[in-house]
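# Coordinate inspection notes
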Amino acid sequence: MTIRPIAPPPSDTEVDSWLAVLTAATTTDLPGLPAPSRVEVAGRLRVPPARGRNAFWTTDDGAGVAGLLLFTDEGNTHTAFLDALTVRPEARRRGVGTALWERVRAELLARDRTSVSALVDLEGPGRAFAESLGFESVLRMAWYVQDVASPAAIPATPGYELLCWPGIVPDAWAPAVAVAHGAMEDAPSGDMDEQTMKWTAERVQAAQRLVLERGGDLTTVAAVTPAGEVAAYTVLVRTDPTGPRALQYDTVVVSAHRGHGLGRAVKLRMLAEVAARHPDLRQIGTTVADENGSMRAVNESLGYRWERGVGIFQRTL
């Protein structure tokens, strides 16, 4: 077995091979969940990230793949995120995963990284494998899913206006969204080695532009004040605009504006937008840290249900 890097840009054959590995693993490990689409996989492999550098590898026999995000933003050049390390079910327990990890580890050490993290399904085979490599859980989370149905009435938000921006946030509002994003600094992060970066208007728009460049679609709903503040916002992403499931990205309520039901209001307004703009959408998925009781309560009130436990696992090198 030979492990080789995927040089950018990957060919159609390489994209299809990567997709086949992920599809086989998802079908076995997470039955009932939609497998990644080709649009999503091609976008990740072909479009560079906004805040780092990707490295991808595959086995010559198509048995396994690995993907690594090496952060380049200030404060995080010591760490990285293991975006994928996946082996076809029929090829497991033959040393494929270990060989891929050793190649990833060599890259981490060559790039002077002292830690790496990964998102791991707690009930899947990946957990035992990660722990065998020395990864430890640093933040427990869960996936929650909501079936898209007729939205409830959007509550009144006295003193706030609800705005909706399909695509990239307009230039006029990007600085205020960046300020609001800073409110996520008090969200639970466990013992993660990755540091929260300072968000600017340019970084907000770059992150959103990346979704579009990778073939996806996104919508932002914000509660704004007459003074031009963004008091709360939420972002919905479809990594594949034809896929059955969307992802609820950031939902933020600035501390000075909490207690007014803005988190629930922006999410309900988003559901109304979804019904109008994406009538084919069937589900919305999101992750929430176990410690984030307030957001879990908001989601439960909107019909989200627990789907599966996941966690951020981290290893020091």
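Residues numbered from 1 in each chain as written. Predicted model: local features only at pLDDT ≥ 70, side-chain atom pairs only at ≥ 80, totals over all residues. Heavy atoms only, no water.

## Some remarks on the overall build of the protein chain
In terms of regular secondary structure, the protein chain is built from eight helices and twelve strands. Taking 317 residues into account, the globule formula puts the C-alpha radius of gyration at 20 Å, and the protein chain, at 20 Å, falls close to it. When the backbone C-alpha atoms are referred to their principal axes, the protein chain occupies close to 65 × 40 × 35 Å. Here the protein chain holds 317 residues, and the buried ones make up 48% of them. (Helix = DSSP H or I, 4+ residues; strand = E, 2+ residues; numbered from the N terminus. Rg over C-alpha atoms; globule rule 2.2 N^0.38 Å. Buried < 20%, exposed > 50% of the residue type's maximum accessible area, 1.4 Å probe, protein only.)

## So, the environment of A7
Tracing the backbone through its elements, the reader meets A7 in the loop between β1 (3–5) and α1 (12–29). Owing to a relative accessible area of 52%, A7 belongs among the exposed residues under this scheme. Expressed as a C-alpha distance, the spacing of A7 and V148, which sit 141 residues apart in the sequence, is 39 Å.

## Quick look at the pairing of strand β9 (residues 230–238)
Within β9, nine of the nine residues are buried, which leaves the element mostly enclosed by the surrounding structure. In this structure, strand β8 (residues 217–224) lies alongside β9, joined through eight bridges in antiparallel fashion. Directly across from T220, in β9, lies its bridge partner V235. Taking the residues between adjacent antiparallel strands as the criterion, β8 and β9 are bridged by five residues, where G228 takes a positive phi near 90 degrees. Sheet topology note: the β9/strand β10 (residues 245–253) ladder contains five bridges and is antiparallel. What sits directly across from Y233, in β10, is V252. Linking β9 to β10, which pair antiparallel, is a turn of six residues. (Pairing = 2+ DSSP bridges.)

## So, the environment of V39
Mapped onto the elements of the fold, V39 is located in helix α2 (residues 38–46). When its relative accessible area of 34% is taken as the criterion, V39 is described as partly exposed. Through-space distance from the C-alpha of V39 to that of A275 is 23 Å; in sequence the pair is 236 residues apart. When residues no more than four places from it in sequence are discounted, the contact partners of V39 are R214, G215, T239 and D240. (Contact = heavy atoms within 4.5 Å.)

## Topic: the packing of aromatic side chains
Across all of its chains, the model carries three aromatic pairs by this definition. On the numbers, 5.4 Å between centres and 85 degrees between planes, the contact of W18 with F56 is edge-to-face. With W18 in helix α1 and F56 in strand β2 (residues 52–59), the pair connects residues that are 38 residues apart, well separated along the chain. Overall, W18 belongs to the buried group, its relative accessible area being 6%. For F56, a relative accessible area of 10% gives the class buried. (Phe/Tyr/Trp six-rings, centres within 6.5 Å; stacked < 30°, edge-to-face > 60°.)

## As for the pairing of β10
Bridge count for β10 against strand β11 (residues 283–289) is three bridges, and the pairing is parallel. Bridge assignment links L247 to a residue of β11, and that residue is G285. Handedness of the crossover joining β10 and β11 through helix α7 (residues 262–277) is recorded here as right-handed. (Right-handed = clockwise from strand over helix to strand, strands pointing away.)

## Focus on unusual backbone geometry
The linkage connecting P8 with the following residue, P9, adopts the cis geometry, with an omega of -10 degrees. Structurally, P9 is set in the loop between β1 and α1. Its identity as a non-glycine residue notwithstanding, R93 has a phi of 65 degrees, on the positive side. Mapped onto the secondary structure, R93 falls in the loop between β4 (80–87) and α3 (96–110). Take R93: its relative accessible area is 84%, and that puts it in the exposed class. In this model, D112 sits at a positive phi of 60 degrees, which is unusual for a non-glycine residue. Considering the arrangement of structural elements, one finds D112 in the loop between α3 and β5 (115–121). With relative accessibility at 61%, the residue D112 sits in the exposed group.

The quantities given are spatial measurements derived from coordinates; they are silent on function.
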